[in-house]
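# Secondary and tertiary structure notes
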Number of protein chains: 2
Amino acid sequence: MMKLRVKIWLEEDGQPVFGDGRLKLLKEIQKTGSITAATENLGVSYRHAWGEIRKIEQRLGFKLIDTQTGGRGGGGASLTPRAIDFLQSYEKISKSVSAEITKKFGILNL
Amino acid sequence: MMKLRVKIWLEEDGQPVFGDGRLKLLKEIQKTGSITAATENLGVSYRHAWGEIRKIEQRLGFKLIDTQTGGRGGGGASLTPRAIDFLQSYEKISKSVSAEITKKFGILNL
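Report on the accompanying structure. (Residues numbered from 1 in each chain as written. Chains lettered and ligands numbered in written order. Predicted model: local features only at pLDDT ≥ 70, side-chain atom pairs only at ≥ 80, totals over all residues. Heavy atoms only, no water.)

## Overview of the overall build of chain A
Operational definition: By definition, any uninterrupted DSSP run of H or I lasting at least four residues is a helix, any uninterrupted run of E lasting at least two residues is a strand, and each is numbered from the N terminus. All radius of gyration figures rest on C-alpha atoms, and the globule criterion is 2.2 Å times the number of residues raised to 0.38. Think of it in three bands: with a 1.4 Å probe and only protein chains considered, a residue is buried below 20% of the maximum accessible area for its type, exposed above 50%, and partly exposed in between.
Of regular secondary structure, chain A possesses four helices and five strands. Since a compact globule built from 110 residues should have a radius of gyration of about 13 Å, the 17 Å found for chain A marks it as more spread out than a globular shape. Expressed along its principal axes, the backbone C-alpha trace of chain A runs to roughly 60 × 30 × 25 Å. Per-residue burial over chain A gives 41% buried out of 110 residues.

Okay, here's the thing in structure tokens:
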């Protein structure tokens, strides 16, 4: 059965801004409340994760992560309200594109 | 200006069958009438190109390339009629997906 697959991402001036990899990273930070935990779960380095976050922030022009340091349970990280809004918009578009493609092309018989 | 980009490819049973890279290779063979010339223009090895062609042929179940050996002007390669049909269908779908995405989402203001 031949299927049409589709991948989307956002670009600005020809530079990648956001795609599935960065979505995964932010969602994992949101889920775990910790950058360290997120990077361990995804098998990427802490340095890489921060590099990615900084790149997205620079492109979008707003902060994505709030960090809390110290305290009894140690530090933590959470997404800023704008980051949460952005993720929701992106996922909505992503699902909408998939639905559109499936509706229009479905399974192919080339 | 934020733009939504999209990439499509064909899969069968979770295995990639055809995408932009393979499209480029077949179109270059069609244009030049020669596998050697196509691989030189694309900067890939002859061996790699044949490997790719064989993989697509196995997945699709039909021959893509007709080769002519010898003669005054040396050998040549051309796409089979089924390969030409397939390329046309694929490009039509690809353009249609892009048009659909542009119509529905255009330039984004996330």
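And the narrative resumes.
## Brief notes about helix α4 (residues 81-105) of chain A
Residue and element names in this part refer to chain A. To keep things clear, this is the line we draw: By definition here, a helix of n residues has an expected span of 1.5 Å times n minus one.
Between its first and last C-alpha, α4 extends 36 Å over 25 residues, near the 36 Å set by a 1.5 Å rise per residue. Within α4, burial applies to Ala 83, Phe 86, Leu 87, Tyr 90, Ile 93, Val 97, Glu 100, Ile 101 and Phe 105. Of the residues trailing α4, Gly 106 is marked for its positive phi of about 50 degrees.

## A closer look at the relation of the copies chain A and chain B
Here the two chain copies are tied together by a rotation about an axis and a shift along that axis. Quick reminder of the rule: For the least-squares superposition of copies, only C-alpha atoms count, and only for residues with pLDDT at least 70 in both. By the convention used here, residues are in contact when the closest approach between their heavy atoms is within 4.5 Å.
With an axial shift of 0.0 Å and an RMSD of 0.0 Å, the rotation relating chain A to chain B amounts to 180 degrees. As the rotation angle and translation indicate, the two copies are arranged about a two-fold axis. Proximity to the rotation axis, assessed at the C-alpha, singles out A:Lys7 in chain A; its C-alpha lies 2.6 Å from the axis. Most of the interface of chain A is mirrored in chain B, where 100% of its interface residues are also at the interface.

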